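A structural walkthrough
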Amino acid sequence: MTVRAAWLLPLGQTRQDTRTAPVGTMAPEDEMTSRAGVIAGGRPFTATGVGAMQVQIGVGRALVQGTAAQGAYPVAVTAPETLTVADGDAQYGRIDTVVLRVLDGLYDTSEQTLAAVEIIQGERSDTPTAPTLPPACLALWDIAVPAGTSAGVGGINWATALTDRRRYTASYGGIIPRGGPASYPGAYDGQYRDTGTGLERWSAAAAAWQPYPADTGWLDLPLPTGYTRFSSNAYPFQIRKTGTQVHLRGRIVRTAGLIPADGQPLPGLTLPQTYWPTQSPTSYAEVSFGCEVSATSPAGTVRGEISGRGKITAAFQRPSSSWLAFGCSWWTD
């Protein structure tokens, strides 16, 4: 027995069934159902063409959700399963789906009690789509079966025929791994998922996944009268907040004269309050700016400050530069 399910058999569940199946409280979808999906780790349920019309599905573990009344079935495939794809239609192509399926005669008409890896055959069509799956099925792979496909004419091109349908799940409170459609909603405030490049947190109030930490992305800061962008080759004057960290970039020119000296802030230029270093007007974040230090040293750096009221100050001893280059960060907590 290589496809094992826990809490399915009315009698005869073995200790090995219980040990290998992912028994536990999994990520919820609502009050009474769990998020069906593959358990990440290694390369679960890989698909490999092993013959002209045969595909092998590797080992893995998953949770298959039935109806709310049925509950969820923990399933483990402990040895690779080889499946045979039916020949293609003479005229039209179709898409078949490889699934992990639970049959439970107490809730369906199968009169069987088992878990299996099988192929659900799609309808032949000039524009084929994946089949609608019966209850208690977890899609793993789609297989494109072109018209006229059979072993006698070379079979399926496995390099192009497979589409990954695996979605993933995790235990309650765990981070949902990336995989499958990204449009599914979260189930509770504070649920997390991996996007492949970072994390997102579900906000019930916004009914949306949001980057975590919260990230504004790069936003253009308007330049008041008396300032302009240094050149089209330089970054525009932009700001970004990631969590409690603020990043400022760009290169600006003061057209109304040189950058003030003796600790005087840039006239007329104040950052929006959400980016201020702290709530104290007397504190500041210490950073560095690029500038023109002198006529003989046209490019250098100078100590700078971002005040607790969003003022930008360059610590020149005397006015020597008409421009400042920003590439600095500070925290708001």
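See the structure printed just above.
Residues numbered from 1 in each chain as written. Predicted model: local features only at pLDDT ≥ 70, side-chain atom pairs only at ≥ 80, totals over all residues. Heavy atoms only, no water.

As for the sheet that holds strand S13 (residues 192-194)
Strand pairing in a sheet relies on backbone hydrogen bonds. The paired strands run either parallel or antiparallel. Reading across the sheet, the 3 strands line up as S13-S14-S15 and stay open at both edges, with antiparallel pairing between neighbours. Among the strands making up the open sheet, the edge pair consists of S13 and strand S15 (208-212). On average, each strand axis in the sheet is tilted by 35° relative to the strand beside it, whichever way the strands run. Taken together, the 3 bridges between S13 and strand S14 (residues 199-203) define a ladder with antiparallel strand orientation. Looking at S14, one finds that Arg193 is bridged to Glu200. (Pairing = 2+ DSSP bridges. Helix = DSSP H or I, 4+ residues; strand = E, 2+ residues; numbered from the N terminus. Axes fitted to C-alpha atoms, helices over the stretch in contact; angles between N-to-C directions.)

Details of the packing of aromatic side chains
One pass over the structure, following the stated rule, counts 7 aromatic pairs. Judged by centre distance (5.8 Å) and plane angle (75°), the ring pair of Tyr184 and Trp209 falls under edge-to-face. Of this pair, Tyr184 sits in the loop between strand S12 (168-169) and S13 while Trp209 sits in strand S15, placing them 25 residues apart in sequence. This pair shows no difference in class: Tyr184 is buried, exactly as Trp209 is. Ring centres of Trp202 and Trp209 lie 5.4 Å apart, and the angle between their planes is 65°; this geometry places the pair in the edge-to-face category. (Phe/Tyr/Trp six-rings, centres within 6.5 Å; stacked < 30°, edge-to-face > 60°. Buried < 20%, exposed > 50% of the residue type's maximum accessible area, 1.4 Å probe, protein only.)

Things to note about the pattern of salt bridges
Evaluated as defined, the whole model comprises 11 salt bridges. Between Arg124 and Asp89 there is a salt bridge; the shortest N-O distance is 3.3 Å. Placement of Arg124 in the loop between strand S9 (113-120) and strand S10 (137-145) and of Asp89 in the loop between strand S7 (81-84) and strand S8 (94-104) is noted, with a sequence separation of 35 residues between them. For Arg124, a relative accessible area of 48% puts it in the partly exposed group. Classification of Asp89 as partly exposed rests on a relative accessible area of 22%. Each member of the salt-bridge network shares a partner with another, and the members are Glu286, Arg303 and Glu305. (Salt bridge = Lys/Arg side-chain N within 4 Å of Asp/Glu carboxyl O.)

Considering the state of the cysteines
Counted according to the given criterion, the structure contains 0 disulfides. This cysteine, Cys291, is not joined by any disulfide, and Cys328 carries the nearest cysteine sulfur, 13 Å off. (Disulfide = S-S within 2.5 Å.)

Concerning the side chain of Thr46
Mapping Thr46 onto the fold places it in the loop between strand S2 (37-39) and strand S3 (47-51). The class for Thr46 is buried, based on a relative accessible area of 19%. If we ignore the near neighbours within four places in the chain, the residues touching Thr46 are Gln56, Ile57, Gly58, Trp141 and Arg166. (Contact = heavy atoms within 4.5 Å.)

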